[in-house]
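Remarks on the overall topology
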Amino acid sequence: DSGVTQTPKHLITATGQRVTLRCSPRSGDLSVYWYQQSLDQGLQFLIQYYNGEERAKGNILERFSAQQFPDLHSELNLSSLELGDSALYFCASSVGVSPYEQYFGPGTRLTVT
Amino acid sequence: AQSVTQLGSHVSVSEGALVLLRCNYSSSVPPYLFWYVQYPNQGLQLLLKYTTGATLVKGINGFEAEFKKSETSFHLTKPSAHMSDAAEYFCAVSDHIFGNEKLTFGTGTRLTIIP
């Protein structure tokens, strides 16, 4: 158990819908990262927050957004969902920024039908 | 831009045999390097990391990796494979430049252990 929690574990929704994925980092960790894992794209970095502020953006679609709240939990919002958005979404946290290792949550499996 | 290449998407070894998973990286600065393992239906677990200092890094579950700058490699090894080592392994690199501390992952190597 990494100490990072993600909810829900599974999510099945229809195209065009909007979903919110939630992540609680390890106690004391200030950085939160979101990654997408799919068969065709592999593990891709989406976005990073550090102590409530956006710090870096990766291959995140405009239909996707995220935020980190004062209690340091983070939410990833996915809207206008398409079939290709079906994937595992991981949250990771670290104490600070590099070189601290990132600890990964169990992931949310999103299926868009 | 940083990148990671993992040679061999599938590797099979016999129980008790040497495990060698290959990773080569590309980075514009001295990199930080990581190996993660993913068991079925689980998240990623850190096996080991290299930042600075000793180039031979020991991790959990008997794994180790050696950073070789001249070869831009960070191969993962274990002297004797166990059935419990069957999983997917990911090599990752971080440029650790301000605002770019993300991990860039390789495509993964699925390790199968033959009884």
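Just so you know, these numbers come straight off a predicted model, no measurement behind them. (Residues numbered from 1 in each chain as written. Chains lettered and ligands numbered in written order. Predicted model: local features only at pLDDT ≥ 70, side-chain atom pairs only at ≥ 80, totals over all residues. Heavy atoms only, no water.)

**A few points about the overall build of chain B**
Here is the rule we go by: Strands are runs of DSSP state E lasting at least two residues, helices are runs of H or I lasting at least four, and both sets are numbered from the N terminus onward. The size measure is the radius of gyration over C-alpha atoms, and the globule rule it meets is 2.2 Å times the number of residues to the 0.38 power. Between buried and exposed lies partly exposed: a residue is buried under 20% and exposed over 50% of the maximum accessible area for its type, with that area taken using a 1.4 Å probe on protein chains only. Note on contacts: a residue pair is in contact if any heavy atoms of the two residues lie within 4.5 Å. The accessible surface values rely on the Shrake-Rupley method and a 1.4 Å probe; as for residues, cover is taken only from the protein chains in view. Only four residue types enter the tally: Lys and Arg on the positive side, Asp and Glu on the negative side; His and the chain ends are excluded. Each charge is placed at NZ for Lys, CZ for Arg, CG for Asp and CD for Glu.
Along the backbone of chain B there are zero helices and twelve strands. The linear arrangement of helices and strands in chain B, starting from the amino end, is β-β-β-β-β-β-β-β-β-β-β-β. Since a compact globule built from 115 residues should have a radius of gyration of about 13 Å, the 14 Å found for chain B is in line with a globular shape. In terms of overall dimensions, chain B has a C-alpha envelope of 45 × 30 × 20 Å along the principal axes. When each of the 115 residues of chain B is scored for burial, the buried share is 47%. Contacts in chain B between residues far apart in sequence, at least 24 positions, make up 56% of those at least 6 positions apart. Only carbon and sulfur atoms are counted for the fraction: they give 55% of the accessible area of chain B, which is about 5400 Å². Taking the average place of the 8 positive charges on the side chains of chain B and the average place of its 8 negative ones, the gap between the two points comes to 2 Å.

**Topic: the pattern of salt bridges**
Residues and elements named next belong to chain A. Quick reminder of the rule: Any Lys or Arg side-chain nitrogen located within 4 Å of an Asp or Glu carboxyl oxygen qualifies as a salt bridge.
Taken as a whole, this structure holds eight salt bridges over all chains when the rule is applied. Residues Glu-75 and Arg-22 are paired through a salt bridge, measuring 3.9 Å at the closest nitrogen-oxygen approach. Highlighted residues: Glu-75 in strand S8 (residues 74-78) and Arg-22 in strand S3 (residues 19-24), separated in sequence by 53 residues. You can call Glu-75 buried: its relative accessible area is 19%.

**Some thoughts on the layout of surface pockets**
Selection criterion: The rule is simple: put a 1 Å grid over the protein atoms alone, call a set of points where a 1.4 Å probe fits but cannot get out a cavity, call an open set with protein on both sides within 12 Å along at least five of seven lines a pocket, and count a residue as lining if it has an atom within 4 Å of a point. Grid points are joined across faces, edges and corners, and a volume is the space filled by probe spheres set on the points. Ten residue types, Ala, Val, Leu, Ile, Met, Phe, Trp, Tyr, Cys and Pro, are classed as nonpolar, four, Asp, Glu, Lys and Arg, as charged, and the remainder, Gly among them, as polar.
Taken as a whole, the largest pocket holds about 740 Å³ of empty space. Along the walls of the largest pocket sit 29 residues, with Gln37(A), Leu39(A), Gln38(B), Glu88(B) and Arg110(B) positioned nearest its centre. Here the lining of the largest pocket takes three residues from strand S5 (residues 42-50) of chain A, the largest share from any one element. Residue composition of the lining of the largest pocket, by class: nine nonpolar, 15 polar and five charged. Every residue lining the second largest pocket is counted, 17 residues in all, and those nearest its centre are Asp1(A), Ser2(A), Phe104(A), Leu44(B) and Gln45(B).

**Some remarks on the state of the cysteines**
The condition is simple: Whenever a pair of cysteine sulfur atoms sits within 2.5 Å, that pair is classed as a disulfide.
In this structure the tally under the stated criterion is two disulfides over all chains. In this model Cys23(A) forms its disulfide with Cys91(A); the gap between the sulfur atoms is 1.8 Å. Every disulfide takes its handedness from the sign of the S-S torsion; for Cys23(A) and Cys91(A) that torsion is -50°, giving left-handed. Linking Cys23(A) in strand S3 with Cys91(A) in strand S9 (residues 87-94), this pair joins segments that are 68 residues apart in sequence. On the accessibility criterion, Cys23(A) (0% relative accessible area) is buried. Two residues share a disulfide in this structure: Cys23(B) and Cys91(B), whose sulfurs sit 2.0 Å from each other. Taking the torsion about the sulfur-sulfur bond, which here is approximately -60°, the covalent link between Cys23(B) and Cys91(B) counts as left-handed. Taken together, the residues Cys23(B) in the loop between strand S3 (19-21) and strand S4 (24-26) and Cys91(B) in strand S10 (residues 87-94) connect sequence positions 68 residues apart. Accessibility expressed as a relative area gives 0% for Cys91(B), which makes it buried.

It is worth stressing that arrangement in space is one thing and function is another; only the former is reported here.
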